[in-house]
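Notes for the structure review
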Amino acid sequence: MSEETRSKNFIENIIDKDLAEGKYEKIVTRFPPEPNGYLHIGHAKSILLNYGIAQEYGGQFNFRFDDTNPTKEDEEFVNSIIEDIKWLGADFGGKVLYASDYFDKMYEVAIKLIKKGKAYVDDLSAQEIREYRGTLTEPGKNSPYRDRSVEENLKLFEEMKDGVYEDGAKVLRAKIDMASPNINMRDPVIYRIARMTHHNTGDKWLIYPMYDFAHPLEDAFEGITHSLCTLEFEDHRPLYDWVVQEAEFENPPKQIEFAKLYLTNVVTGKRYIKKLVEDGVVDGWDDPRLVSLAALRRRGFTPSSIKTFMELSGISKSQSSCDYAMLEYCIREDLKPKAPRYMGVLRPLKLIIDNYPEGQTEEFEIENNSDDPDAGMRKITFSRELYIEQDDFMEEPPKKYFRLFPGNEVRLKGAYFVKCTGCDKDAEGNIIAVHGTYDPETRSGSGFEGRKVKGTIHWVNAADAIDAEVRLYENLIDEEKGKLNDDGTLNFNPNSLEVLESKLEAASADFKPGDHVQFIRNGYFVVDTKDSTPDHMVFNRVVGLKSSYKPA
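Report on the accompanying structure. (Residues numbered from 1 in each chain as written. Predicted model: local features only at pLDDT ≥ 70, side-chain atom pairs only at ≥ 80, totals over all residues. Heavy atoms only, no water.)

With that out of the way, let us pick up the overall build of the chain. Helices and strands together make up the secondary structure of the chain, namely 12 helices and 27 strands. Radius of gyration (C-alpha) of the chain: 31 Å, far over the 24 Å computed for a compact globule of 552 residues. Referenced to the eigenvectors of the C-alpha coordinate spread, the extents of the chain come out at roughly 100 × 55 × 40 Å. Here the chain holds 552 residues, and 49% of them are scored as buried. A total of about 26,100 Å² of accessible surface is found on the chain, and carbon and sulfur atoms cover 47% of it. Counting 73 positive and 98 negative side-chain charges, the chain places the averaged centre of each group 3 Å from the other. (Helix = DSSP H or I, 4+ residues; strand = E, 2+ residues; numbered from the N terminus. Rg over C-alpha atoms; globule rule 2.2 N^0.38 Å. Buried < 20%, exposed > 50% of the residue type's maximum accessible area, 1.4 Å probe, protein only. Areas by Shrake-Rupley, 256 points an atom, 1.4 Å probe, with all protein chains shown as cover. Lys, Arg positive; Asp, Glu negative; His and termini not counted. Charge placed at Lys NZ, Arg CZ, Asp CG, Glu CD.)

Written out as C-alpha cells, the structure is:
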C-alpha cells in the first residue's frame, strides 16, 4: 500500500501534530522488553510499530532491555530476544542498551525526590502496604512513616543501599496522594531491597528500582520522544508523567497506548507455556505449535509475512482478536511465488505399474515453480514402482472421486496416464499396494491430444525416494471448546501434532535447515532447524494450500 493511499493511524497523527508544533527535533522510539521469557507474536507488533515509526520519520530506534528485576531474568532470554529483533529486521544499529546501565542515574533521581519531599522510606511490610492502599471505591491511608524528615529518609535510603537491612525490611515510596482515584498514584513503591546477582551489574546493587519508576527514566535518559506501549499501561501514564516531571526533564517523552494483538487459538501466557514445556506437551519455547517468535521462525514463518500480518491487523485503541487464519494467509501469500514445488508423498502407498519394463528408469523435466518462469526446471526419475498418497486410491469410491480406483485412469503429474487394475492386501485386509498399467503414448510433453482424464495425482519414484520425517500441526488449543478446563489448566488439543514417515523426490536431499518448499497438493513446508540432519531430514508443515481467510 502506498504512502499516498494509506490512511495514517492515530499515533502518526499525534506525532505529526507534535512535529508541527515544534515539540521535538527528531523522533526517537524504543522497544524495551524484559528478559524474563521468549518474545511472542504480540511483541512483534510493538517491535515493528516502534521501528516503523522511527523509519517513517527519519528518526532513531533504540533496543533496550528493561532488566530491573533480576529474580526473573536470564541470559538465555537476553540472547533469544536479540536474535528475534535481528530476524524481524528492526535495525538498532548494533547497540544493545540496558536499563541497568542507568542504575546510578536512577539512584540520583531517587535522592532528588527525597530532597524535594517527594519520596520517603517506609517500614511497612508488603502485606501492610496492600492493606493501607485502599480499594477502587475507598481511598488509602497514609503510612505512619510518611512524614519522616528529609534527613532521616536520606540516611535510611543510603543504609538500604549499603545492606544494613534485610530484604523486604524497608522500601522507598513516592509521596503522591493516598486518596487518588488512580491506585497507581497511591504512594507507589519505587525501590526495594533485593540481594540478588544481576546478569549485567553483578553484585554491585542491593536495591533495585521498580518498573514504573525505572521505565519513564530510561525513556527520558535516552531522549525517547514517544513511548509507545499497550493499553494495560494507560492507568500507569499519570505515574509515568509524574516521574519525568518531578525528575525535572526539560522535554520529557510522551506515553501513547495502543491495543495489544490477540490471536485466536494460541497460547501466549508465559505461565501456561512454562507448564507445557515442563510437562513435555511441547518440546521447548520454540515448539512450532507456539507463537513465540522463535517458534514461528522454526515453523517456517518469514519476517515479511509477520510484517504483512501486522499491516493487516492495524493499529488502534480498541481491543480485538485476529483470526489465526489471517496469519496463515500472510505466509501463504509470501511463499507462493518463492517456494519451489516438489513432490512429496506424506502417507506412502506403493503403486506398481505392471506393464512398465522391469529395471528401466527414465527422466522427466518438471518446473520448479509454475508461478515463476525464471525458477527453471529440474529432472525427476520414473520407474516401475512408485509411491502415491494413501488417500489417492479407494476400492469403492464415492461419486466425484477422480483419483485411482479399479478401472479409472489418472495422470501422474509430469509423467504418464495410469489406469488402476486392482490392489494387494495383507492378512488383515489392509491395502499394501496398488496395481495399474501405463499408456506410453501419454508421456508428458509428447503433445498427446487423445482422451482426457479428470484426475492428476503426485507421486515419487520408489527407487530413489528420500525418507523423511514430516510433522503436521494443528491448533494447540480450540477456543470454541474453551481455552481452560474447569480446574484452570489449559485445554490443549492432543492431536495438535502428527508425525509421519514420508517419501520425497530425490532432489529434496539438497534442502538445508530453514529452506522452504511446497510439496504439491500438501502445503508449504520448512526443513526443521533444530532436529533435521542430513541423515534424518525433518520437515515442518508451515501451512496448507487452502485458506478460509480473504482479506478485506
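A word on the pairing of strand β2 (residues 60–65). The element β2 is largely enclosed, with a buried count of 5 among its 6 residues. Regarding the hand of the β-α-β motif, the stretch spanning strand β1 (residues 28–31), helix α2 (residues 41–56) and β2 is right-handed. The pairing of β2 with strand β3 (residues 96–98) spans 3 bridges and is parallel. Bridge pairing in β3 links F63 to V96. Taken together, β2, helix α3 (residues 75–88) and β3 constitute a β-α-β crossover, and its handedness is right-handed. (Right-handed = clockwise from strand over helix to strand, strands pointing away. Pairing = 2+ DSSP bridges.)

With that settled, the discussion passes to the layout of surface pockets. In this structure, the largest pocket occupies an estimated 1,100 Å³ of space. As for the largest pocket, its lining consists of 41 residues, and the residues nearest its centre are H43, T230, E232, F233 and K260. Within the residue set of the lining of the largest pocket, elements represented by two or more residues are β1, α2, α7 (211–221), β8 (226–230), β9 (254–258) and β10 (262–263). Ranked by residues supplied to the lining of the largest pocket, first place goes to α2 with 5 residues. In terms of residue class, the lining of the largest pocket is built from 16 nonpolar, 15 polar and 10 charged. (1 Å grid on protein atoms, 1.4 Å probe; cavity = no way out; pocket = protein on both sides within 12 Å on 5 of 7 lines; lining within 4 Å. Points joined across faces, edges and corners; volume = space filled by probe spheres on them. Nonpolar A, V, L, I, M, F, W, Y, C, P; charged D, E, K, R; others polar.)

This part takes up the sheet that holds strand β23 (residues 466–473). Sheet architecture is open: 7 strands sit in the order β12-β25-β26-β27-β23-β24-β13, paired in mixed fashion. Looking at the sheet topology across the chains shown, the edges are occupied by β12 (341–342) and β13 (344–345). Direction of pairing for strand β25 (residues 516–519) relative to strand β26 (residues 523–527): antiparallel, over a ladder of 4 bridges. From the neighbouring strand, V517 faces β26, where its bridge partner is F525. Contacting β25, β26 and β27 (537–543), helix α12 (residues 324–335) runs over the sheet at an angle of about 115° to β27. (Contact = heavy atoms within 4.5 Å. Axes fitted to C-alpha atoms, helices over the stretch in contact; angles between N-to-C directions.)

Along the polypeptide, S305 turns up in helix α11 (residues 303–313). Here S305 falls in the buried class, since its relative accessible area comes to 0%.

Turning our eyes to something else, we now look at unusual backbone geometry. Despite not being glycine, D187 shows a phi value in the positive range, around 45°. Locating D187 in the fold gives a position in the loop between β5 (171–174) and β6 (189–193). With relative accessibility at 1%, the residue D187 sits in the buried group. Although it is not a glycine, R521 adopts a positive phi angle of roughly 75°.

Following the sequence through the fold, D18 ends up in helix α1 (residues 10–20). D18 sits in the buried class, given a relative accessible area of 1%. A polar side-chain atom of D18 sits 3.0 Å from a polar atom in the side chain of K254. Excluding residues that lie within four positions of it along the chain, D18 makes contacts with K23, Y24, H226 and K254. (Polar contact = N/O pair within 3.5 Å; in protein donor to acceptor, adjacent residues only side chain to side chain.)

With that out of the way, let us pick up the nonpolar core. One recurring pattern in soluble globular proteins is that nonpolar side chains are buried together. In terms of nonpolar packing, the biggest core is built from 45 residues, with I41, F63, I85, L263, I306 and F309 touching the most fellow members. Secondary structure elements with two or more residues in this core: α2, β2, α3, α10 (293–299), α11, α12, β26 and β27. Of the residues forming this core, the biggest block, 8 residues, is contributed by α12. Those residues in contact with F309 that sit more than four places away from it in its chain are I41, L261, L263, C322, M326, L327 and C330. Judged by nonpolar contacts, the second largest core, of 35 residues, contains A110, L113, I114 and I190. (Core = buried A, V, L, I, M, F, W, Y, C linked by side-chain atoms within 4.5 Å.)

This part is about the sheet that holds β1. Strand order in the open sheet made by the 3 strands is β1-β2-β3, with parallel pairing throughout. In this open sheet, the two strands that pair with only one neighbour each are β1 and β3. The sheet shows a mean angle of 40° between the axes of neighbouring strands, taken without regard to direction.

Okay, the pairing of strand β15 (residues 362–367) next. Of the two faces of β15, the one lined by E362, F364 and I366 is fully buried and the one lined by E363, E365 and E367 carries no buried residue. Here 6 bridges tie β15 to strand β16 (residues 377–382), and the two strands are oriented antiparallel to one another. By the bridge assignment, E365 is partnered in β16 with K379.

Attention now goes to the environment of T381. Tracing the sequence through the fold places T381 in strand β16. In sequence terms T381 and C423 are 42 residues apart; their C-alpha atoms lie 24 Å from each other. Once residues lying within four places of it in the same chain are set aside, the contact partners of T381 are T361, E362, E363, W459, N461 and D464. Here D464 takes part through its side chain, which lies 2.6 Å from a polar atom of the side chain of T381.

Where α7 contacts helix α8 (residues 237–246), the axes come no closer than 9 Å and their chain directions differ by 60°. Classified by the interaxial angle, the pair formed by α7 and α8 is oblique. Between α7 and α8 lies a crossing whose hand is right-handed. Together, D212, F213, H215, P216, L217, D219 and A220 of α7 and L239, Y240, V243 and V244 of α8 make up the contact between the two elements. Partitioned by chemical class, the residues of the contact of α7 with α8 number 8 nonpolar, 1 polar and 2 charged. (Parallel < 35°, antiparallel > 145°, perpendicular 65-115°, else oblique. Left-handed = near helix turned anticlockwise from the far one by under 90°.)

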